[in-house]
Amino acid sequence: MENLLSGKRVIPELVHSTVLKIINSNSLFYNSLILLENKMPLQRKQKLIRKARVDDVVVMKQIINTYSKDELMLARSLSEIYENIRDYYICEIDGEVVGCCSLHVVWEDLAEILALAVNPKCARKGIGAKLVSACLDDARSLGMKEVFALTYVPGFFETLGFKVVDKNSLPRKIWSGCLKCPKFPDCNEIAVLKSINS
Ligand SMILES: CC(C)(COP(=O)(O)OP(=O)(O)OC[C@H]1O[C@@H](n2cnc3c(N)ncnc32)[C@H](O)[C@@H]1OP(=O)(O)O)[C@@H](O)C(=O)NCCC(=O)NCCS
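Everything quoted here is computed from the prediction, not taken from an experiment. (Residues numbered from 1 in each chain as written. Predicted model: local features only at pLDDT ≥ 70, side-chain atom pairs only at ≥ 80, totals over all residues.)

Before we move on, could you go through the overall build of the protein chain and cite the residues and values that matter?
Scanning the protein chain from N- to C-terminus turns up seven helices and seven strands. Mapped from its N terminus to its C terminus, the protein chain presents α and β elements in the order α-α-β-α-α-β-β-β-α-β-α-β-α-β. Looking at the 198 residues of the protein chain, the share that counts as buried comes to 23%. Contacts spanning at least 24 positions in sequence make up 65% of the contacts within the protein chain whose residues lie at least 6 apart. (Helix = DSSP H or I, 4+ residues; strand = E, 2+ residues; numbered from the N terminus. Buried ≥ 20, exposed ≤ 12 C-beta atoms within 10 Å, placed from the backbone. Contact = placed C-beta atoms within 7 Å.)

Please set out helix H3 (residues 57-68) residue by residue, giving values where relevant.
Taking 1.5 Å per residue as the helical rise, H3 with its twelve residues ought to reach 16 Å, and the 16 Å between its terminal C-alpha atoms agrees with that figure. Those residues of H3 that fall on the buried side of the exposure criterion are Val57, Met60, Lys61, Ile63 and Ile64. Each buried residue of H3 sits inside an arc of 165 degrees when the element is viewed along its axis, so together they form one side. Within H3, the exposed residues directed more than 90 degrees away from the buried face are Val58 and Gln62. Elements in contact with the buried residues of H3: helix H4 (78-83), strand S2 (88-93), strand S3 (96-107) and strand S4 (110-118). (Expected span 1.5 Å × (residues − 1). Arc of directions from axis to C-beta.)

Pulling in residues and values, what's your account of the sheet that holds strand S1 (residues 47-51)?
As summarised here, the arrangement of the seven strands in space is S1-S2-S3-S4-S5-S7-S6, forming an open sheet in which the pairing is mixed. Lying at the two open borders of the sheet, with one neighbouring strand each, are S1 and strand S6 (163-165). Each adjacent strand pair in this sheet contributes to an overall mean axis angle of 30 degrees, direction not counted. Across three bridges, S4 lies against strand S5 (residues 146-151) in parallel orientation. (Pairing = 2+ DSSP bridges. Axes fitted to C-alpha atoms, helices over the stretch in contact; angles between N-to-C directions.)

So, the site of the ligand: which residues are in play, and what are the values?
Residues in contact with the ligand amount to 20 residues; listed here are only the nearest, Gly128, Ala129, Thr151, Gly155 and Phe156. Among the secondary structure elements, those contributing two or more residues to the shell around the ligand are S4, helix H5 (127-142), S5 and helix H6 (154-158). Residue classes in the shell around the ligand are distributed as 13 nonpolar, five polar and two charged. (Near = placed C-beta within 6 Å. Nonpolar A, V, L, I, M, F, W, Y, C, P; charged D, E, K, R; others polar.)

Residues and numbers for the nonpolar core, please.
Counting 39 residues, the largest nonpolar core has Met60, Cys100, Cys101, Ile113 and Cys135 as the members making the most contacts within it. For this core, the secondary-structure elements that each account for two or more residues are H3, S2, S3, S4, H5, S5 and strand S7 (190-195). If one sorts the elements of this core by residue count, S4 sits on top with seven residues. In contact with cysteine 100, not counting residues within four places along its chain, are Ala52, Met60, Ile63, Tyr88, Tyr89, Ile90, Ala115 and Ala117. (Core = buried A, V, L, I, M, F, W, Y, C linked by C-beta atoms within 7 Å.)

Tell me about the environment of alanine 191, and please be specific about residues and values.
With respect to the secondary-structure elements, alanine 191 resides in strand S7. Taking the number of C-beta atoms within 10 Å as the measure of exposure, alanine 191 has 20 and is therefore buried. Each C-alpha atom, one on alanine 191 and one on valine 165, is 5.6 Å from the other, the two residues being 26 residues apart in sequence. Ignoring sequence-local partners within four residues, the contact set of alanine 191 consists of Phe148, Leu150, Val165, Asp166, Lys167 and Leu170.

Please provide a residue-by-residue account of H5, values included.
Over its 16 residues, H5 runs 23 Å from end to end, which matches the ideal 22 Å to within 8%, given 1.5 Å per residue. The set of residues buried in H5 consists of Ile127, Gly128, Leu131, Val132, Cys135, Leu136 and Ala139. Looking at the buried side of H5, the elements it contacts are S1, S2, S3, S4, S5 and H6. Just downstream of H5, glycine 143 is the residue with a positive phi angle, here 85 degrees.

So what's going on with the environment of glutamate 71? Which residues, and what values?
Residue placement: glutamate 71 occurs in the loop between H3 and H4. The exposure class of glutamate 71 is exposed, given the 11 C-beta atoms found within 10 Å. In sequence terms glutamate 71 and lysine 183 are 112 residues apart; their C-alpha atoms lie 9.3 Å from each other.

I'd like to hear about unusual backbone geometry, residue by residue, with values.
Positive phi, normally seen in glycine, also occurs at glutamate 71, with a value near 60 degrees. For alanine 115, which is not glycine, the phi dihedral falls at a positive 50 degrees. With respect to the helices and strands, alanine 115 occurs in strand S4.

Structure representation (C-alpha cells):
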C-alpha cells in the first residue's frame, strides 16, 4: 500500500491497528460520556420548581397514583387536583413534570404538606427536598407559623428540620382531611411538624 501524500509505502497491518486504536479510543470516550450522562443526568439538565398549571395535572395524578397503588399515598382524582391547583408546586426537568407537592392552609397559623410525590426514576436527586422547600417559603410568605405532614417517610422530613410529634397534639381541624381517607381510623402515618418562625 502506498501513502498517496508522501509516496512512501505503508504496511497495511499498521494502518489496520491504528484505525482500530482510533475506533477503540473513541468508543472509550463515548462510553465514558454515556456513563457520565447516566451518573449525573439531572445535574446537567434544567431542574425548575414552579407553581403548577392545569396542563400539568394529568402527569401529577400519574406520579401520585404510582404510590397510591402501594398505599404509600392517598390517591387523587383529576378533579381533586384541579380544584386545589393553586396549592401545588411541581418540579420540571427539560419540560417533563417529575414531581409535585402541595401546601394546604389548615388554620390561621398552620399548613399541611400534601401530595408530595417524585417520579421514582428521579428519586434521591434532591427534588423532594426542593419541592418541600418551595412549600415552606410559601408558608412563610403567607405568615404561617407551623407546617406539618402525615407521612410514612419521617426520615425524609427530618432531614428538612421537621420533628416527629404525637398526632394527637395537632389540632382537631386536621382530622377533617383524615375522614376522607379509606384507612381512617387505622392509619399508621407519622406526624411531623416544623416551626417556621425563623
Ligand atoms: C419521599 C420522597 C418525596 C423523597 O423524594 P426524593 O426526591 O427522592 O428525596 P430527596 O432526594 O430530596 O431526599 C433528600 C434527603 O432526604 C432523605 N430521604 C429521601 N428519601 C428518604 C426516605 N424514603 N426515607 C428516609 N430518608 C429519605 C435522604 O437523606 C435524602 O438525601 P440523600 O439522598 O443525599 O441521602 C419520594 O421518595 C416519594 O415520592 N416517595 C413516595 C411518596 C411519599 O411517601 N410521599 C410523602 C408523602 S407525605
